[in-house]
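# Coordinate inspection notes
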Amino acid sequence: MEYQKFIQKPSVEMYPGIKVNKDTVLEYKSEHVEQTVKDLVLHSVSRVKGEGFESIYDTTIYLKEGDVLVYEDEGRGFIKPVEEIMTVEEAIEELSCIKDMV
């Protein structure tokens, strides 16, 4: 029996977003979220209402130059993803290095 090499299927889902730098200024407002980015700080105030409750989340995230913020159309606005996000070109370059290994 000969073993083959496998990897997890790469995601082809794309997200709108921005790569921040020290000069990035952003304001976003929707029915449930108000956000600003200035001086590499993302400040977000989110209001959540449900059956018998109402919550307000006031969040400050300290960013670094080059961090990516993706826009989530499901009401959260701009978020800093937990998983590593890269451009399509960066992903192609990263995957091309394993092409000759199989």
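Okay, so let's go over this structure. Bear in mind that the values here come from a model prediction, so they are computed numbers and not experimental data. (Residues numbered from 1 in each chain as written. Predicted model: local features only at pLDDT ≥ 70, side-chain atom pairs only at ≥ 80, totals over all residues. Heavy atoms only, no water.)

## A look at the nonpolar core
If you look at the biggest cluster of nonpolar residues, it comprises 10 residues: Val20, Leu26, Tyr28, Val33, Val37, Leu40, Leu42, Leu63, Leu69 and Phe78. Setting aside chain neighbours within four positions, we find Phe78 in contact with Leu26, Tyr28, Gln35, Leu42, Leu69, Val70 and Tyr71. (Core = buried A, V, L, I, M, F, W, Y, C linked by side-chain atoms within 4.5 Å. Buried < 20%, exposed > 50% of the residue type's maximum accessible area, 1.4 Å probe, protein only. Contact = heavy atoms within 4.5 Å.)

## Comments concerning the packing of aromatic side chains
Taken as a whole and judged by the stated rule, the model has three aromatic pairs. For the pair Tyr28 and Tyr71, a centre-to-centre distance of 5.5 Å together with 75 degrees between the ring planes defines the contact as edge-to-face. A residue pair is termed long-range when its members are at least 10 positions apart, and Tyr28 in strand S2 (residues 26-29) and Tyr71 in strand S6 (residues 68-72) qualify at 43 residues. A ring pair is formed by Tyr28 and Phe78, whose centres lie 6.0 Å apart and whose planes are at 85 degrees; its orientation type is edge-to-face. Linking Tyr28 in strand S2 with Phe78 in strand S7 (residues 77-79), this pair joins segments that are 50 residues apart in sequence. Grouping residues by exposure puts Tyr28 and Phe78 together as buried. An aromatic cluster is present here, built from Tyr28, Tyr71 and Phe78 joined pairwise through their rings. (Phe/Tyr/Trp six-rings, centres within 6.5 Å; stacked < 30°, edge-to-face > 60°. Helix = DSSP H or I, 4+ residues; strand = E, 2+ residues; numbered from the N terminus.)

## Examining the sheet that holds strand S4 (residues 41-50)
Strand order across the open sheet formed by four strands is S2-S3-S4-S5, with antiparallel pairing between neighbours. The sheet is open, and its two borders are formed by S2 and strand S5 (53-62), each paired with just one other strand. Strand-to-strand, the axes of this sheet are offset by a mean angle of 5 degrees, without reference to chain direction. Pairing of strand S3 (residues 33-38) with S4 involves six bridges; the strand directions are antiparallel. Residue pairing in the sheet places Val37 in a bridge with Leu42 of S4. (Pairing = 2+ DSSP bridges. Axes fitted to C-alpha atoms, helices over the stretch in contact; angles between N-to-C directions.)

## Regarding unusual backbone geometry
Located in the positive-phi region is Asp39, a residue other than glycine, with phi close to 55 degrees. Its location among the elements puts Asp39 in the loop between S3 and S4. Of note in the backbone geometry, Leu40 takes a positive phi value of approximately 60 degrees without being a glycine. For Leu40, the location among the structural elements is in the loop between S3 and S4. According to the relative accessible area criterion, Leu40 is buried, its value standing at 17%.

## Observations regarding the pattern of salt bridges
In this structure the tally under the stated criterion is five salt bridges. One salt bridge connects Lys22 with Asp23, and the closest N-O pair in it is separated by 3.7 Å. Salt-bridge contacts for Arg47 lead to Glu34; the nearest nitrogen and oxygen are separated by 3.6 Å. Taken as a pair, Arg47 in strand S4 and Glu34 in strand S3 lie far apart in primary sequence, 13 residues in all. The exposure class assigned to Glu34 is partly exposed, which follows from its relative accessible area of 33%. (Salt bridge = Lys/Arg side-chain N within 4 Å of Asp/Glu carboxyl O.)

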